[in-house]
Amino acid sequence: MDHTRHARRLAEALAGELTARGVALTGSIATGTDHPDSDIDLVAVAETAREDQIRSVEGRMVTIGWKTIDEIEAALHCPWEAPAAVAWRDARLLADPEGLLEHVKARAAAWDWLLIADQADRWAAAGVTGLAEEVHKVCGMLTADNARAAAANRAILTLRLPGLLAAADRILYRSENELWDLICRAEGEAWTDAWDSAAGLTGTDPAASCRAALRLYRIAAARVDEALDETQRPVVATACRLAARHGA
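Residues numbered from 1 in each chain as written. Predicted model: local features only at pLDDT ≥ 70, side-chain atom pairs only at ≥ 80, totals over all residues. Heavy atoms only, no water.

Details of the overall build of the protein
Part 1 of the argument: When helices and strands are counted, the protein shows 12 helices and 5 strands.
Part 2 of the argument: On the principal axes, the C-alpha backbone points of the protein span a range of 60 × 40 × 30 Å.
Part 3 of the argument: Sorting the 248 residues of the protein into buried and exposed places 44% on the buried side.
Part 4 of the argument: Within the protein, residue pairs in contact and separated by at least 24 positions form 59% of the contacts whose partners lie at least 6 positions apart.
Part 5 of the argument: Summed over its atoms, the accessible surface of the protein is roughly 12400 Å², and 50% of this surface lies on carbon and sulfur atoms.
Part 6 of the argument: Within the protein, the 38 negative side-chain charges are centred at a point lying 3 Å from the centre of the 27 positive side-chain charges. (Helix = DSSP H or I, 4+ residues; strand = E, 2+ residues; numbered from the N terminus. Buried < 20%, exposed > 50% of the residue type's maximum accessible area, 1.4 Å probe, protein only. Contact = heavy atoms within 4.5 Å. Areas by Shrake-Rupley, 256 points an atom, 1.4 Å probe, with all protein chains shown as cover. Lys, Arg positive; Asp, Glu negative; His and termini not counted. Charge placed at Lys NZ, Arg CZ, Asp CG, Glu CD.)

Here it is in structure tokens:
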């Protein structure tokens, strides 16, 4: 039995054991783009809020995300959870006696960034503004020759900026595994070169990788500039000037 069929068999068996209003298989195993070590992502509809679960079944990691139907539907209105729209389009419904998840799939199929465009812009602008603090930390730690602290804050910029740009650029993605390449294609060569350096793909030295992360911030700041409000703009501008002084 190949790994996809094996994982789907386990998912179906687990769905039959769960006391839930509905169960869906999402992620790479639902789409058939998984690899032998992919985890099995299940979404189980709960009556009330409850904690997610992680299990190991026959050597496969299984994540069970317990959500109320209101939480599932609310995710379609949140820029930071926009990938849920794609995930639900591709979901395999394993149990849906009330038709709740079929309704979610229909809403996801009709979903478009235009439905939350203003909210997406505000969220991206607020996120870039919030990351100004990481710019100050990277610059400060470079000055103090604290390589580990600089690298830690570099990583925060490198990993968090793409999600914000996905909202600004109206990009949908199934998972973070797709996000990085999609943003590189959307933002172009300058972003791609900087991201690869900041992520450690090019073998650059730690200080150069930190400067690359600062360049990412300046690119993202320019991208969300029109969405910044009067309190956010000076914060972002100060961070960009600081990044420029450090060679970004």
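Now that the structure has been shown, we can carry on.
Points about helix α4 (residues 83-90)
Part 1 of the argument: Along α4, the positions that sit buried rather than exposed are Pro83, Ala84, Ala85, Val86 and Trp88.
Part 2 of the argument: On its buried side, α4 packs onto β1 (23-26), β2 (40-45), α3 (69-74), β5 (92-95) and α5 (100-110).

Overview of helix α9 (residues 176-187)
Part 1 of the argument: Its 12 residues give α9 an end-to-end C-alpha distance of 16 Å, which sits within 8% of 16 Å, the value for a rise of 1.5 Å per residue.
Part 2 of the argument: Along α9, the residues classified as buried are Leu179, Trp180, Ile183, Cys184 and Glu187. End-on, the buried residues of α9 take up no more than an arc of 120°, which puts them together on one face. Opposite the buried face of α9, at more than 90 degrees from it, the exposed residues are Asn177 and Arg185. (Expected span 1.5 Å × (residues − 1). Arc of directions from axis to C-beta.)

Some thoughts on the packing of α4 against α5
Part 1 of the argument: Closest axis-to-axis distance for the α4/α5 pair is 8 Å, and the angle between their directions is 120°. Accordingly, the angle class assigned to the pair α4 and α5 is oblique. Classified by chirality, the crossing of α5 by α4 is left-handed. Together, Ala85, Trp88, Arg89 and Asp90 of α4 and Leu101, Val104, Lys105, Ala108 and Ala109 of α5 make up the contact between the two elements. (Axes fitted to C-alpha atoms, helices over the stretch in contact; angles between N-to-C directions. Parallel < 35°, antiparallel > 145°, perpendicular 65-115°, else oblique. Left-handed = near helix turned anticlockwise from the far one by under 90°.)

Points about the confidence of the model for the protein
Part 1 of the argument: Model confidence for the protein is summarised by a mean pLDDT of 94, while 100% of its residues fall at 70 or above.
Part 2 of the argument: Averaged pLDDT values over the elements of the protein bottom out at 82 in α4 and peak at 98 in helix α12 (residues 232-245). (pLDDT = per-residue confidence, 0-100.)

Brief notes about the nonpolar core
Nonpolar side chains tend toward joint burial in soluble globular proteins.
Part 1 of the argument: One finds Val128, Val135, Leu157, Leu161, Trp191, Leu214 and Tyr217 to be the most contacted residues of the largest nonpolar core, which totals 41 residues.
Part 2 of the argument: In contact with leucine 157, other than residues within four places in its own chain, are Leu131, Glu134, Val135, Val138, Pro162, Ala213, Leu214 and Tyr217.
Part 3 of the argument: Ranked by size, the runner-up nonpolar core spans 18 residues in total, among them Ala11, Leu18, Ala30 and Trp66. (Core = buried A, V, L, I, M, F, W, Y, C linked by side-chain atoms within 4.5 Å.)

Describing the pattern of salt bridges
Close approach of charged atoms allows side chains of opposite charge to pair.
Part 1 of the argument: Under the defined criterion, the tally for this structure stands at 9 salt bridges.
Part 2 of the argument: For aspartate 121, the salt bridge is made with arginine 170, and the minimal N-O distance between the two is 2.9 Å. Remark: arginine 170 occurs in the loop between α8 (147-169) and α9 and aspartate 121 occurs in helix α6 (residues 117-130); sequence separation between them is 49 residues.
Part 3 of the argument: We note a salt bridge from glutamate 178 to arginine 174, for which the minimum N-O separation is 3.0 Å. (Salt bridge = Lys/Arg side-chain N within 4 Å of Asp/Glu carboxyl O.)

Thoughts on unusual backbone geometry
One can expect most non-glycine residues to show negative phi and most peptide bonds to be in trans.
Part 1 of the argument: Within the chain, glutamate 58 stands out as a residue other than glycine whose phi angle is a positive 50°.
Part 2 of the argument: Within the secondary structure, glutamate 58 sits in the loop between β3 (53-57) and β4 (60-67).
Part 3 of the argument: With a phi close to 60°, aspartate 145 is a non-glycine residue in the positive phi region.
Part 4 of the argument: Looking at where aspartate 145 falls in the secondary structure, it is placed in the loop between α7 (132-143) and α8.

Quick notes on the sheet that holds β1
Part 1 of the argument: Read from one edge to the other, the open sheet built from 5 strands follows the order β3-β4-β2-β1-β5, with strand pairing classed as mixed. Because the sheet does not close on itself, it has two edges, and the strands there are β3 and β5. Between one strand axis and the next, the sheet turns through 25° on average, direction left out of account.
Part 2 of the argument: The pairing of β1 with β5 spans 3 bridges and is antiparallel. If you follow valine 23 over to β5, its bridge partner there is alanine 95.
Part 3 of the argument: Here α5 sits on the sheet and contacts β1, β2 and β5; the angle it forms with β5, its principal contact strand, is near 170°. (Pairing = 2+ DSSP bridges.)

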